[in-house]
Amino acid sequence: MRKILLASVLALGLCACSSGDANGGDVRGDRGAANGGVADAAKTLTVTIRSANGAHVFTVEPARTDAEQAQGLMYRTDLKPDRGMLFAPYPAGGGGPREANFWMKNTPSPLDIVYIRADKTIARIAENTVPFSEAPIPSGEPVAAVLEIMGGRAGELGIAEGDRVEWTDKAG
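Cut-offs applied
- The numbering scheme is per chain: residues are counted from 1 as the chain's sequence reads.
- Local features in this predicted model are restricted to residues whose pLDDT is 70 or higher, and side-chain atom pairs enter the listing and the counts only when it is 80 or higher, whereas totals over whole chains, interfaces and linings include all residues.
- Hydrogens and water molecules were not included; the side-chain quantities draw on all heavy atoms of the structure.
- A run of H or I in DSSP becomes a helix once it reaches four residues, and a run of E becomes a strand once it reaches two; helices and strands are each numbered from the N terminus.
- Three labels apply to residues, based on accessible area from a 1.4 Å probe with only protein chains included: buried if under 20% of the type maximum, exposed if over 50%, partly exposed otherwise in between.
- A contact between two residues is defined here by any heavy atoms of the two lying within 4.5 Å.
- Using the Shrake-Rupley algorithm and a 1.4 Å probe, accessible areas are obtained, with residue cover drawn only from the displayed protein chains.
- Strand pairing is defined by DSSP finding a minimum of two bridges between the two strands.
- In this scheme Phe, Tyr and Trp rings, the latter by its six-membered ring, pair at centre separations within 6.5 Å, and the angle between planes marks the pair as stacked below 30 degrees, edge-to-face above 60, and tilted otherwise.
- Criterion for a charge above a ring: Lys NZ or Arg CZ within 6 Å of the ring centre, and within 35 degrees of the ring normal.
- Put simply, buried Ala, Val, Leu, Ile, Met, Phe, Trp, Tyr and Cys residues joined by side-chain atoms within 4.5 Å make one nonpolar core.
- Think of a salt bridge as a Lys or Arg side-chain nitrogen and an Asp or Glu carboxyl oxygen that are within 4 Å of each other.

As a further point, take the overall build of the protein. Scanning the protein for helices and strands turns up three helices and nine strands. Split into buried and exposed, the 172 residues of the protein put 43% on the buried side. Partitioning the contacts of the protein with sequence separation of at least 6, the portion at a separation of at least 24 is 72%. Approximately 8200 Å² of the protein is accessible, and the part contributed by carbon and sulfur atoms is 54%.

In regular strands, side chains alternate between the two faces of the sheet. Most of strand β8 (residues 145–150) sits inside the fold, with five of its six residues counted as buried. Here strand β3 (residues 83–87) pairs with β8 via four bridges, running antiparallel. Residue pairing across strands places Met-85 opposite Glu-148, the latter belonging to β8.

Moving on to the packing of aromatic side chains. Evaluation of the coordinates by the stated rule reveals three aromatic pairs. Measuring from ring centre to ring centre gives 5.1 Å for Phe-87 and Phe-102, while their planes differ by 70 degrees; the resulting arrangement is edge-to-face. Taken together, the residues span a long stretch of sequence, with Phe-87 in strand β3 and Phe-102 in strand β4 (residues 101–102) at a distance of 15 residues. A relative accessible area of 0% means that Phe-87 is categorised as buried. Ring geometry for Phe-102 versus Tyr-115: centroids 5.9 Å apart, planes at 85 degrees, classification edge-to-face. Taken together, the positions of Phe-102 in strand β4 and Tyr-115 in strand β5 (residues 111–116) put the pair 13 residues apart, joining distant regions of the chain. Using a relative accessible area of 0% as the deciding quantity, one classes Tyr-115 as buried. Taken together, the ring pairs in this structure connect Phe-87, Tyr-90, Phe-102 and Tyr-115 into an aromatic cluster. The residue whose ring lies beneath Lys-120 is Trp-167, and the NZ or CZ to ring-centre distance is 4.1 Å.

The next point concerns the pairing of β3. Of all five residues in β3, four are buried; the element is thus mostly enclosed. In the sheet, strand β2 (residues 54–63) pairs with β3 via five bridges, with the strands oriented parallel. Residue pairing in the sheet places Glu-61 in a bridge with Met-85 of β3.

Turning next to the nonpolar core. Core analysis: the largest hydrophobic core is formed by 19 residues, its most contacted members being Val-47, Ile-49, Leu-86, Ile-116, Leu-147, Ile-159 and Trp-167. Put simply, the parts of the chain that give this core at least two residues each are β1 (45–51), β2, β5, β6 (122–126), β8, α3 (153–157) and β9 (164–167). Filtering out sequence-adjacent residues up to four positions away, Ile-49 remains in contact with Gly-54, Ala-55, His-56, Phe-58, Ile-122, Leu-147, Ile-159, Asp-163, Arg-164 and Val-165. By size, the runner-up hydrophobic cluster in this structure holds 17 residues, among which are Leu-79, Phe-102, Leu-111 and Tyr-115.

Now for the pattern of salt bridges. Pairs can form between side chains of opposite charge whenever their charged atoms are close. Tallied over the entire structure, the rule returns six salt bridges. Across the pair Arg-83 and Asp-82 runs a salt bridge, and its minimum N-O distance is 3.7 Å. The network of salt bridges with common partners includes Glu-61, Arg-76 and Asp-78.

Structure, rendered in structure tokens:
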């Protein structure tokens, strides 16, 4: 049982905070220019979080495949305050909402990990996650999407559990 649990945590944990190569280089290719720029707007999504104090808009890279979700924001040092990554659908293979465990392995910058229910409300926000940590960061309940943004932004903007998250996925 312990081996199955560990394997599950590690497998789900791979779907976290990442994006770059094993040498720490930026391998986004045409997904974005160096230093967090967006080279091709067609390869980004607009995510809006509606909170008690208004709408907060982020331009995010989609992570739709297993490989993209395993890479996430790893090695990324250039995340801007209005940028991020959206893991949708989560998990990439579909199958409906499920509990998620992310981790910060190979992720040098703190992130806010926003777990999103199927009804597009925020289930949990893991704020200012610890860089390089391999400790699981659980969603606490089944989720259908996960948003990663610069650490501390959710608190700065007043984003809270229960807030509504909107995006239009042109690819799916």
